[in-house]
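Coordinate inspection notes
Chain by chain, the residues run as shown.
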Amino acid sequence: MQEKVKYLIIGQGLTGTWLSYFLQKQGIAFKIINDAKTVSATSVASGVINPVTGRRIVQTWMIDTLLPFAIAAYKKFQEDENITIIKAAPIALIHPSLQMKESFDYRLTHDNIYLKENDHSSLGEYFNTPFGTGEIDQCYWIDLIQFLKAGREKLSPHFIEDYFDISDLILTEQDVRWKNIIAEKIIFCDGLNTMNNPYFKALPFVPNKGEALIVKINGLAPTSIYKTNITIVPWKDDLFWVGSSYEWSYSDALPTESFKEKMITALDAVLKIPYEVVDHLVGIRPANTERRPFVGLHPKYPQLGICNGMGTKGCSLAPYFAKQLIDHIEQGSTIEPEADVKRFTSILSN
């Protein structure tokens, strides 16, 4: 027996969960397909929302719009589900060099509302701080494991655990069909799998490999994120996420001993207190050359949509652009031009 829905969502990672959440809030019929055997990059991400980026310590793209939207969305989700998934966590910057301290001092007085000075004397109990410290304000940590788990439970009436084989997808002029489901639109937010999607594989994906260690650090306060030439993020209990690498050239998706040794060397250099490595995570991110998301409908096949390519900023980007895509389809509103997939109309139409 065939089932008709308006949307078929592929992938229950960060973006797929947000798409489904907003559809459910509007009472729009949908199904979400997720393959449990596929490891989502979300499941190994740090969960940090940081309004500044890079060695130049500049504000991230669209952050003045993205940040308030993301905060409100995560808080509403946790209110709806009666869980805690978002926590304010300022970033304590431990300057790794004189150059980075000078860069911070310059930005502190040049149009960066998120930076502030701090008293680093308390940090000196736990860290070596030869070049001093600073702080990035309005940063947040998202409990992505809890978020995906709660999303899965919330979406259970709409959830299908199955491998999505695109060769089973049938396009008609009005809809798409997959197995026993007929949908008006199908939205791909299945990370790396979209790179093998014949309709979207021409997009300039440049996946990168990220690794992280889970480290037990007794006594370190889980109220802040700590950043030097590595990032130390509260995970749960007295565990911290430590990483991450951005490997653009790699041979496999396995943890590497070289990364582990690099992180241990960095921890030994900055930490004054003992720690213990308890796990080693790895994931592949669906990043792209422009470092901008792919959001919108296929220019040749409007039944097909995409919401992907969030890269390392997924926690702040995903809620906003998931909502923007739904509003675009349902209400005809515009998608941010720098994110709209129609900027690739020429290559997608070939």
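Criteria and thresholds
- Residues numbered from 1 in each chain as written.
- Predicted model: local features only at pLDDT ≥ 70, side-chain atom pairs only at ≥ 80, totals over all residues.
- Heavy atoms only, no water.
- Phe/Tyr/Trp six-rings, centres within 6.5 Å; stacked < 30°, edge-to-face > 60°.
- Helix = DSSP H or I, 4+ residues; strand = E, 2+ residues; numbered from the N terminus.
- Buried < 20%, exposed > 50% of the residue type's maximum accessible area, 1.4 Å probe, protein only.
- Contact = heavy atoms within 4.5 Å.

**Observations concerning the packing of aromatic side chains**
The description of an aromatic ring pair rests on the distance of the ring centres and on the angle between the ring planes. Within this structure, the stated rule accounts for 20 aromatic pairs. With 5.1 Å between their ring centres and 35° between their planes, Phe127 and Tyr226 make a pair best called tilted. Remark: Tyr226 occurs in strand β16 (residues 225–227) and Phe127 occurs in the loop between β8 (115–116) and β9 (133–136); sequence separation between them is 99 residues. The residues Phe127 and Tyr226 share a single accessibility class, namely buried. Ring centres of Phe294 and Phe344 lie 5.7 Å apart, and the angle between their planes is 80°; this geometry places the pair in the edge-to-face category. In this pair, Phe294 is assigned in strand β20 (residues 294–297) and Phe344 in the loop between α6 (314–331) and α7 (345–348), connecting sequence segments 50 residues apart. Relative accessible area serves as the criterion here: at 10%, Phe344 is assigned to the buried category.

**Observations concerning the environment of Ile85**
In this fold, Ile85 is placed in the loop between α2 (63–81) and β6 (86–88). The buried category is assigned to Ile85, whose relative accessible area is 1%. Separated by 177 residues in sequence, Ile85 and Lys262 place their C-alpha atoms 30 Å apart. Excluding anything up to four places from it in sequence, Ile85 contacts Tyr74, Phe77, Gln78, Trp141, Ile142, Asp143, Gln146 and Phe147.

Just distances and angles here, no functional claims.
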